[in-house]
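# A look at the structure
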Amino acid sequence: MTIEKENKFFIVNQKFINELPESARKHFFEFTNALEKKFPEITNKKYIACNQDEPYAEKVWQTILKGEMMKELKELNKPIPHNPGEHR
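Residues numbered from 1 in each chain as written. Predicted model: local features only at pLDDT ≥ 70, side-chain atom pairs only at ≥ 80, totals over all residues. Heavy atoms only, no water.

## Thoughts on the overall build of the protein
A tally of regular secondary structure across the protein gives three helices and zero strands. Burial analysis of the protein (88 residues in total) assigns 10% to the buried set. For the protein, long-range pairs separated by at least 24 residues make up 49% of all intrachain contacts whose partners lie at least 6 apart in sequence. For the protein, the accessible area works out to roughly 8100 Å², and carbon and sulfur atoms hold 54% of it. (Helix = DSSP H or I, 4+ residues; strand = E, 2+ residues; numbered from the N terminus. Buried < 20%, exposed > 50% of the residue type's maximum accessible area, 1.4 Å probe, protein only. Contact = heavy atoms within 4.5 Å. Areas by Shrake-Rupley, 256 points an atom, 1.4 Å probe, with all protein chains shown as cover.)

Written out as structure tokens, the structure is:
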């Protein structure tokens, strides 16, 4: 089992959305509303974003990777290794 970093989300700072022309904001919100209608479960999910050039970003990644590995190992009912971040 290998847990790796992956880019699977698109994050946009709300201040940039607010600076778009009205028509672009309208299209953006039509798009997000269509996503929520098609996948209603995403409405309840909350995420923490970390800018990758921050000095603490690698520690955040390692924490996330360790948590993901712990979830998988728990599902498999196996003991948790000491350094899960080493398997990148």
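Resuming the write-up.
## Digging into the packing of aromatic side chains
On inspection of all chains with the given rule, the structure shows two aromatic pairs. An angle of 50° between the planes, with centres 4.8 Å apart, marks the rings of phenylalanine 9 and tyrosine 47 as tilted. Remark: tyrosine 47 occurs in the loop between helix 2 (22-38) and helix 3 (57-76) and phenylalanine 9 occurs in the segment before helix 1 (14-18); sequence separation between them is 38 residues. Pair check on accessibility: phenylalanine 9 and tyrosine 47 agree, each one exposed. Measuring from centroid to centroid gives 5.4 Å for phenylalanine 28 and phenylalanine 29, while their planes differ by 80°, and the two rings are edge-to-face. For phenylalanine 29, a relative accessible area of 40% puts it in the partly exposed group. (Phe/Tyr/Trp six-rings, centres within 6.5 Å; stacked < 30°, edge-to-face > 60°.)

## Side note on the pattern of salt bridges
With the rule as written, the count across this model stands at two salt bridges. A salt bridge links arginine 25 to glutamate 22, with the shortest nitrogen-to-oxygen separation between them at 2.6 Å. Highlighted residues: arginine 25 and glutamate 22, both in helix 2, separated by three residues, approximately one helical turn. Given the relative accessible area of 56%, glutamate 22 is considered exposed. The salt bridge partner of glutamate 68 is lysine 71, with a shortest N-O separation of 3.2 Å. (Salt bridge = Lys/Arg side-chain N within 4 Å of Asp/Glu carboxyl O.)

## A word on a nonpolar patch on the surface
On the surface, Phe31, Leu35, Phe39 and Ile42 cluster together into a nonpolar patch covering about 340 Å² of accessible area. Here isoleucine 42 shows up in the loop between helix 2 and helix 3. (Patch = residues over 30% accessible without salt bridge, like charges linked within 9 Å, V, L, I, M, F, W, Y side chains within 5 Å.)

## Section: the nonpolar core
By size, the foremost hydrophobic cluster in this structure holds five residues: Ile3, Trp61, Leu65, Met69 and Leu73. The contact partners of tryptophan 61, leaving out residues within four places of it in the chain, are Lys5, Glu6 and Gln52. (Core = buried A, V, L, I, M, F, W, Y, C linked by side-chain atoms within 4.5 Å.)

## A closer look at helix 3
Helix length check: helix 3 (20 residues) gives 29 Å between terminal C-alpha atoms against 28 Å at 1.5 Å per residue, within 8%. Residues Ala57, Trp61, Leu65, Met69 and Leu73 constitute the buried set of helix 3. One side of helix 3 carries all its buried residues, which in axial view fall inside an arc of 135°. In helix 3, the exposed positions angled more than 90 degrees off the buried face are occupied by Lys59, Thr63 and Lys74. (Expected span 1.5 Å × (residues − 1). Arc of directions from axis to C-beta.)

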